[in-house]
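Working through the structure, step by step
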Amino acid sequence: MKRFNLSGFVLCICIAASAQNRNLVWCFGDSSGIDFNNITTPVPIATGMDARGSCCSIADTSGNLLFYASGSDLLQIPYSESVIVRNNLNQILQNGDSLVGTAWYREHVITDMPAISNQFYLFSVGVTNNYGFWYSVIDMSQNSGMGAVIQKNVQLLNFKCTDGMTAIKHGNGRDWWVLFRRWDTVNDNFYKYLVTPAGISSLITQSIGSATDNNNTRIQFSHDGNKMVIINYRGLMEIFDFNRCTGIISNPVTIHPEPTWPPYNEFTFCEFSPSGRFLYVTSYWDTCYLYQYDLLSPAPAATRITLDTITNDLIGIGSLKLAPDGKIYLTHAWECTAFPYCYPYPDSVYNTVNMYLSVINYPDSLGSACGYAPFSFYLGGKRTYYGLPNNPDYELPTLAGSPCDTLTGLTPGPSPKERGAELFATWVSSWQKLFVNAQNLKGKKVTVEV
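Treat the numbers as computed from the prediction; the structure is a model and nothing was measured.

Overview of the overall build of the protein
For the protein, the count of helices and strands is one helix and 32 strands. Only carbon and sulfur atoms are counted for the fraction: they give 52% of the accessible area of the protein, which is about 18,400 Å².

Looking at the sheet that holds strand β20 (residues 237-242)
Hydrogen bonds between backbone groups are what pair the strands of a sheet, and the pairing can be parallel or antiparallel. One open sheet accounts for four strands, arranged β18-β19-β20-β21; its pairing is antiparallel. The two strands at the open ends of the sheet, each matched to only one other strand, are β18 (217-221) and β21 (249-256). Neighbour to neighbour, the strand axes of the sheet diverge by 20° on average, direction disregarded. Bridging between strand β19 (residues 227-232) and β20 involves five bridges; their strand directions are antiparallel. Note that in β20 the partner of I230 across the bridge is E238.

Section: unusual backbone geometry
Here the residue pair Y343 and P344 is connected by a cis peptide bond, since its omega of -10° sits within 30 degrees of zero. With respect to the helices and strands, P344 occurs in the loop between β27 (328-334) and α1 (352-355). With phi around 50°, N251 is a residue other than glycine that occupies positive phi space. Within the secondary structure, N251 is located in strand β21. Phi at E266 takes a positive value of approximately 60°, unusual for a residue other than glycine. Examined against the element boundaries, E266 turns out to sit in the loop between β21 and β22 (267-272).

Observations regarding the state of the cysteines
Throughout the structure, instances matching the rule amount to two disulfides. Between the sulfur atoms of C336 and its disulfide mate C342 the distance is 1.9 Å. Across the S-S bond of C336 and C342 the torsion is about 90°, and the bridge reads as right-handed. For C342, a relative accessible area of 2% gives the class buried. Going through the protein in sequence order and numbering each bonded cysteine, the pairs you get are 1-4, 2-3. We note that C56 lacks a disulfide partner, and the nearest cysteine sulfur, in C55, lies 7.1 Å from it.

Quick look at the nonpolar core
Counting residues in each nonpolar core, the largest one holds 38 residues, and the members touching the most others are F67, I110, L122, F123, F133, M165 and F180. Here the element with the most residues in this core is strand β10 (residues 119-126); it accounts for five residues. F180 has contacts with V125, F133, L157, F159, C161, M165, F190, Y191, Y193, L203 and I219, leaving out every residue within four places of it along the chain. In terms of nonpolar packing, the next biggest core, distinct from the first, is built from 28 residues, F278, Y280, C288 and A333 among them.

Topic: the pattern of salt bridges
Applying the stated rule across the entire model yields ten salt bridges. The salt bridge involving D97 is made with K152; its shortest N-O contact spans 3.4 Å. Of this pair, D97 sits in the loop between β8 (83-87) and β9 (108-112) while K152 sits in strand β12 (residues 148-157), placing them 55 residues apart in sequence. A relative accessible area of 27% means that K152 is categorised as partly exposed. Salt-bridge contacts for D163 lead to R218; the nearest nitrogen and oxygen are separated by 2.6 Å. Of this pair, D163 sits in the loop between β12 and β13 (166-169) while R218 sits in strand β18, placing them 55 residues apart in sequence.

Section: the confidence of the model for the protein
Taken as a whole, the protein shows an average pLDDT of 86; of its residues, 83% reach a score of 70 or greater. Low pLDDT, under 50, characterises residues 1-19; the predicted model gives this stretch 52 contacts beyond four residues in sequence or across chains. Segment residues 426-433 is flagged for pLDDT under 50; beyond a separation of four residues in sequence, or across chains, it makes nine contacts in the model.

What about the sheet that holds strand β3 (residues 25-28)?
Pairing is antiparallel across the open sheet formed by three strands, whose spatial order is β3-β4-β5. What marks the edges here is a single partner per strand, and that holds for β3 and β5 (43-50). Direction aside, neighbouring strands of the sheet carry axes that sit 25° apart on average. Across five bridges, the pairing between strand β4 (residues 30-35) and β5 is antiparallel. Note that in β5 the partner of D35 across the bridge is V43.

A closer look at the environment of L179
Note on placement: L179 falls in strand β14 (residues 176-180). Considered as a pair, L179 and G164 are 15 residues apart in the sequence and their alpha carbons are 8.6 Å apart. What L179 contacts, discounting residues up to four positions off in sequence, is G164, M165, T166, I168, Y191, K192, I219, F221, M228, F242 and I249.

Thoughts on the packing of aromatic side chains
Each aromatic ring pair is described using two quantities: the centre-to-centre distance and the angle formed by the ring planes. Here the structure, examined in full by the defined rule, presents 25 aromatic pairs. A ring pair is formed by W26 and Y329, whose centres lie 5.9 Å apart and whose planes are at 80°; its orientation type is edge-to-face. Of this pair, W26 sits in strand β3 while Y329 sits in strand β27, and the two are 303 residues apart along the sequence. The exposure classification of W26 matches that of Y329, with both residues buried.

Describing the environment of T309
Within the element layout of this structure, T309 appears in strand β25 (residues 305-310). T309 sits 20 residues away from Y289 along the chain, and the two C-alpha atoms are 4.7 Å apart. Those residues within four positions of T309 in sequence are excluded, and the remaining contacts are T287, C288 and Y289.

Definitions and limits used
- Every residue gets a number counted from 1 within its own chain, in the order that chain's sequence is written.
- Owing to the predicted nature of the model, reporting of local features is limited to residues with pLDDT of at least 70; listing and counting of side-chain atom pairs is limited to 80 or more, with chain, interface and lining totals taken over all residues.
- Excluded from the side-chain calculation are hydrogens and water; included are all heavy atoms of the structure.
- Working definition: helices are DSSP H or I runs of at least four residues, strands are E runs of at least two. Numbering for both runs from the N terminus.
- Using a 1.4 Å probe, the Shrake-Rupley method yields the accessible areas, and only the shown protein chains count as cover for residues.
- Any two strands are treated as partners once DSSP identifies two or more bridges connecting them.
- To get an axis, a line is fitted to the C-alpha atoms, and for a helix only the part in contact is used. The angle between two axes follows their N-to-C directions and goes from 0 to 180 degrees.
- Defined by distance alone, a disulfide is two cysteine sulfur atoms within 2.5 Å.
- Exposure classes here rest on a 1.4 Å probe applied to the protein chains alone. A residue is buried below 20% of its type maximum, exposed above 50%, and partly exposed in between.
- In plain words, nonpolar cores are sets of buried Ala, Val, Leu, Ile, Met, Phe, Trp, Tyr and Cys residues tied together by side-chain atoms within 4.5 Å.
- Here a residue-residue contact requires only that any non-hydrogen atoms of the pair lie within 4.5 Å.
- Just to be clear on terms, a salt bridge is a Lys or Arg side-chain nitrogen sitting within 4 Å of an Asp or Glu carboxyl oxygen.
- A residue's pLDDT is the confidence the predictor assigns to it, expressed on a 0 to 100 scale.
- Two rings from Phe, Tyr or Trp (for Trp, the six-membered ring) form a pair when their centres sit within 6.5 Å of each other. Planes less than 30 degrees apart are called stacked, planes more than 60 degrees apart edge-to-face, and all others tilted.

Pasting the structure below:
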């Protein structure tokens, strides 16, 4: 037996986010997917999509895939630019084709419909076509549980939206905030809708932070939902506080201002570590970069560490996403000589770049200790492009005891800074090694027995 005095609580080994069953199945890329139901050993699966970018999926509360959506399925509908919705048998749902969406990366997101079982919203934004904000309604009780789209392409507004829509659970643990920005004018506006059992609210607009008109703009929430980052392709990076009860964004901190002239930082995707301390960011043009930022520093820009540099212009760097196993997965695409880009892949294009995901194994660790492993997760013979599922945290819990906790009546739980210690263990059979990563131990005395 090994004993480690980490500095009294006794820890038992646990796995992060194991209760997030609705996010346990990812569908993306060229027929690719990952099933995280075995949390220590996720397995690749086959899907029915061929999506270069935008995609999202949702499972039931037992972790069984319900349906998924993907954009720009050129193989199924030649020359179209539309979203297709499929069930767990990879069949197109009744009325589930030609939903709004094009060939971008964060154009749609799924939420459940509060207080109505088996019904879901699919929200969409129009970036370069079908401008505006749209929704469709999916009813999975239709067709003997195979599902149908019962409302389709309902438009709520008509201006040009950025490629970066996201959603987050309201503090009551039932409702949803859906957020996005516009890009046809220089503005500092965040646009929000509140989704409740009464339906979708009127548009809420808040002006805060730096103004921009870049259509390549992403919004990403931390794992606890209290922090929010915005990045764009010109190089803007700002951190905000977010109030899940009121939807109010506050306390902007600019890490990188948006340059008024090249060279730009060319930020493309980002993701928080589970604790929220570190931010991982990709940058892509002639050279691809993977960066880590320490957000606990008073000057995060000065902490930037380059974890990967790719100078081969045939290798593109894509989405980052925190998975149910507590790791961050990163996708790459192979840009063959096809014009204007290698999509869909020719049947001859199978290689390490598009058949594997890279993995940040210990994202709450600084620098090389984060365990970044390029091209280390095999997709079972399927291929990936730039997109990973734009799935929100479907199980983000109620802010118990908060002013907006009108559903549970529970007393307040620990704040994010007071989270209990957690220990993550991953056995890698090919190496015959057990990797152990601890979180939230600072200032604590802990005895761990393995």
